[in-house]
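# Examining the three-dimensional arrangement
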Amino acid sequence: MDRPALAVLVDVFYDQVRRDPLLGPVFAGVIADGEWDHHKGRMVAFWSTAMLKAREFRGNVFGKHQAMPQLTPAHFARWLALFEDTAGTLFAPADADALVDAARGMARGLQIGLFGRAA
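Residues numbered from 1 in each chain as written. Predicted model: local features only at pLDDT ≥ 70, side-chain atom pairs only at ≥ 80, totals over all residues. Heavy atoms only, no water.

Looking at an unreviewed UniProt entry, one finds the chain named Group III truncated hemoglobin, with Massilia arenae as its source organism.

Below, the structure written as structure tokens:
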């Protein structure tokens with residue numbers, strides 16, 4: 001796993017998110033069409049920091065999600081399902097497992113912070 005591979009993951013995954021009937025409207029409400037390249041770049045930095053210890057990402061992940069009161073546990077479940085599918089398609093099993101484990105941990109932490117529990 002390297003940064004270019006994570007960039008492909010982010011690109012493919014967020015293209016799916018944008019088309020998803022549950023997640024697409026949520027993201028469309030906070031990311032304008034012209035801002036997607038910027039968002040994807042930040043997500044590549046985020047995943048590079050999380051998985052490669054690149055120290056590229058700085059930001060308030062919890063605060064961004066807290067500012068979206070429309071989020072529900074169902075949104076997180078769908079996000080994880082899409083992420084798991086995308087990672088499993090693009091990466092060797094060990095790398096996909098590492099990515100999914102990290103995503104599950106992040107989703108759990110966000111849900112506990114937002115809803116007081118993880119689904």
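Right, picking up where we left off after that structure.
### Points about the pattern of salt bridges
In plain terms, the rule: Any Lys or Arg side-chain nitrogen located within 4 Å of an Asp or Glu carboxyl oxygen qualifies as a salt bridge. Per the convention used, a helix needs a DSSP run of H or I reaching at least four residues, while a strand needs a run of E reaching at least two, with both numbered from the N terminus. Whether a residue is buried, partly exposed or exposed follows from its accessible area with a 1.4 Å probe, protein chains only, as a fraction of its type maximum: under 20%, in between, or over 50%, in that order.
The tally for this structure, following the rule as stated, stands at six salt bridges. R18 is the salt-bridge partner of D33, the closest N and O atoms lying 3.1 Å from each other. With D33 in the loop between α2 (23-30) and α3 (36-52) and R18 in helix α1 (residues 3-19), the pair connects residues that are 15 residues apart, well separated along the chain. Overall, D33 belongs to the exposed group, its relative accessible area being 66%. We classify R18 as partly exposed; its relative accessible area is 34%. Among the ionic pairs, D20 bridges to R78, the shortest N-O distance being 2.7 Å. With D20 in the loop between α1 and α2 and R78 in helix α5 (residues 73-90), the pair connects residues that are 58 residues apart, well separated along the chain.

### As for the layout of surface pockets
The cut-off we apply is this: Here the term cavity refers to a set of points on a 1 Å grid, laid over the protein atoms alone, in which a 1.4 Å probe fits but cannot get out; the term pocket refers to an open set having protein on both sides within 12 Å along at least five of seven lines, with lining residues being those that place an atom within 4 Å of a point. Grid points are joined across faces, edges and corners, and a volume is the space filled by probe spheres set on the points.
Volume-wise, the largest pocket comes out at about 750 Å³. Along the wall of the largest pocket there are 27 residues; nearest its centre are F27, H39, M43, K64 and H65. Residue assignment for the lining of the largest pocket shows that the elements contributing at least two residues are α2, α3, α4 (61-66), α5 and α6 (93-115). Looking at the lining of the largest pocket element by element, the count peaks at six residues for α3.

### What to know about the nonpolar core
Heads up, the condition is: Put simply, a nonpolar core is a bunch of buried Ala, Val, Leu, Ile, Met, Phe, Trp, Tyr and Cys residues held in one set by side-chain atoms that sit within 4.5 Å of each other. In this description, contact between two residues means that some pair of their heavy atoms is separated by no more than 4.5 Å.
One finds Y14, F27, W47, W79, F83 and L99 to be the most contacted residues of the largest nonpolar core, which totals 34 residues. Elements with a minimum of two residues in this core: α1, α2, α3, α5 and α6. If we ignore the near neighbours within four places in the chain, the residues touching W47 are L6, V10, L52, W79, F83, L99, A102, A103 and M106.

### Quick notes on α1
Each turn of an α-helix holds 3.6 residues, which means side chains three or four residues apart point in the same direction. Operational definition: Given the number of residues in a helix, its expected span is that number minus one, multiplied by 1.5 Å. Each C-beta atom gives one direction from the helix axis, and the arc is the one those directions make.
The terminal C-alpha atoms of α1 lie 25 Å apart, and with 17 residues this matches the ideal 24 Å at 1.5 Å per residue to within 8%. Taken as a whole, α1 has its buried residues at L6, L9, V10, F13, Y14 and V17. The buried residues of α1 occupy one face: seen down the axis, they fall within an arc of 110°. Exposed positions of α1 whose direction lies more than 90 degrees from the buried face are P4 and R19. Looking at the packing, one finds that the buried side of α1 touches α2, α3, α5 and α6.

### Things to note about the packing of α3 against α6
Using the following cut-off: Note on geometry: axes are lines fitted to C-alpha atoms, helical ones only across the stretch in contact, with angles between N-to-C directions running from 0 to 180 degrees. Should an angle fall under 35 degrees it is called roughly parallel, over 145 degrees roughly antiparallel, and 65 to 115 degrees roughly perpendicular, with every other angle called oblique. As a working rule, the residues Ala, Val, Leu, Ile, Met, Phe, Trp, Tyr, Cys and Pro are called nonpolar, Asp, Glu, Lys and Arg charged, and the rest polar, with Gly in that last group.
Relative orientation of the contacting elements α3 and α6 amounts to 110°, with a least axis distance of 11 Å. In terms of axis orientation, α3 runs roughly perpendicular to α6. Along its contact with α3, which presents F46, W47, A50 and M51, the element α6 presents A98, L99, A102, A103 and M106. For the contact of α3 with α6, the per-class residue count stands at nine nonpolar, no polar and no charged.

### Examining the environment of K53
Let me state the cut-off plainly: Whenever two N or O atoms come within 3.5 Å, that pair is a polar contact, provided that in protein one can donate a hydrogen and the other can accept it, and provided that, for residues adjacent in sequence, both atoms are side-chain atoms.
By the element assignment, K53 lies in the loop between α3 and α4. The exposed category is assigned to K53, whose relative accessible area is 64%. With 51 residues separating them along the chain, K53 and D2 place their C-alpha atoms 11 Å apart. Engagement of the side chain of K53 in a polar contact is seen with the backbone oxygen of A50, the distance being 3.4 Å.

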